[in-house]
Amino acid sequence: TLWVCSWLGLEKITNHTNQFHKGELPALHTVQYNMLSGIQPHSSRPGMLWVGIHGSGIALMEGSTGIIEKSWYRVSPVRGQDIYYGNRWIQSLYRDKKGTIWGGSYDGFVRIQQDRLTFITLLGEKNKTLYGEYSLLDSTGWLWMTCWKGLVGYHTATGQKKVYEVEPLFKQKNEFPV
């Protein structure tokens, strides 16, 4: 059986029947953007899940009911402002060997440790946002993310950062996904 994050919830694919079964989470109907981008179990609260919601941040959710207990990085309540824009676009969630949860977003990485979220901003040349897209955690502790302007890395144990920017493919457009 394979579980895949999708719009409004999860898709379950069974290898015996080759069928898809959709499981919507009602709480996702209440957020502006509602694509589930990652799930990790809470380390000390059985039944609770950390969920990444692409465009609506990170939430702590009750697994059996789908009720969101708390969320982070949602749209600012001040009309016309979105001060957390880059932090809301969570692409994925990973757990390292020490149990810390990591996620990638437009502005960098987020670390979830003992119910505390820390955002690690990774900027490119001239302090410009790199717009992270796809990320992975390798076996040596490096968290890597492709960006519109290159590749960034963050070592989860040492805090070392690496930014590899590339030249644009088209002169009229200065950003593109790698």
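What counts and how
Residues numbered from 1 in each chain as written. Predicted model: local features only at pLDDT ≥ 70, side-chain atom pairs only at ≥ 80, totals over all residues. Heavy atoms only, no water. Pairing = 2+ DSSP bridges. Helix = DSSP H or I, 4+ residues; strand = E, 2+ residues; numbered from the N terminus. Axes fitted to C-alpha atoms, helices over the stretch in contact; angles between N-to-C directions. Polar contact = N/O pair within 3.5 Å; in protein donor to acceptor, adjacent residues only side chain to side chain. Contact = heavy atoms within 4.5 Å. Phe/Tyr/Trp six-rings, centres within 6.5 Å; stacked < 30°, edge-to-face > 60°. Buried < 20%, exposed > 50% of the residue type's maximum accessible area, 1.4 Å probe, protein only.

A.B. asks: Break down the sheet that holds strand β13 (residues 142-147) for me, citing the residues and quoting the values.
C.D. replies: With antiparallel pairing, 4 strands are arranged side by side in an open sheet as β12-β13-β14-β15. Two strands close off the open sheet at either side, each with one partner strand: β12 (132-137) and β15 (161-165). The average undirected angle you get between the axes of adjacent strands in this sheet is 15°. Bridge count for strand β14 (residues 150-155) against β15 is 5 bridges, and the pairing is antiparallel. The residue bridging glycine 153 from the neighbouring strand is lysine 162, located in β15.

A.B. asks: Could you give an account of the side chain of histidine 42, naming the residues involved and the relevant values?
C.D. replies: Counting through the fold element by element, histidine 42 comes out in the loop between β4 (35-41) and β5 (48-54). A distance of 3.1 Å separates a polar side-chain atom of histidine 42 from the backbone nitrogen of serine 44. In this structure, histidine 42 is in contact with Met48, Leu49, Trp50, Leu60, Arg95 and Asp115, ignoring residues within four places of it in sequence.

A.B. asks: With reference to specific residues and values, describe the pairing of β12.
C.D. replies: In the sheet, β12 pairs with β13 via 4 bridges, with the strands oriented antiparallel. Across the sheet, the residue bridging to glycine 132 is cysteine 147, located in β13. The turn linking β12 back onto β13 is made up of 4 residues, and glycine 141 within it adopts a positive phi angle of 95°.

A.B. asks: Account for the sheet that holds β5, with residues named and values stated.
C.D. replies: One open sheet holds the 4 strands; their spatial order is β4-β5-β6-β7, and the pairing between them is antiparallel. Strand pairing shows two members of the sheet lacking a second neighbour, β4 and β7 (68-72), which therefore form its edges. For this sheet the average axis-to-axis angle between neighbouring strands, irrespective of direction, equals 25°. Sheet analysis places β5 next to strand β6 (residues 57-62), joined by 6 bridges and oriented antiparallel. By the bridge assignment, tryptophan 50 is partnered in β6 with leucine 60.

A.B. asks: Outline the packing of aromatic side chains, supporting the account with residue identities and numerical values.
C.D. replies: The full count for this structure, using the stated rule, is 5 aromatic pairs. Plain terms: the ring middles of tryptophan 89 and tyrosine 106 are 5.5 Å apart, the flat faces sit at 15° to each other, and that makes the pair stacked. Highlighted residues: tryptophan 89 in the loop between α1 (85-88) and β8 (92-95) and tyrosine 106 in the loop between β9 (101-105) and β10 (108-113), separated in sequence by 17 residues. Ring centres of tryptophan 142 and tryptophan 144 lie 5.2 Å apart, and the angle between their planes is 25°; this geometry places the pair in the stacked category. Pair check on accessibility: tryptophan 142 and tryptophan 144 agree, each one buried. Among the aromatic residues, ring-to-ring pairing joins Trp89, Tyr106 and Trp148 into one connected group.

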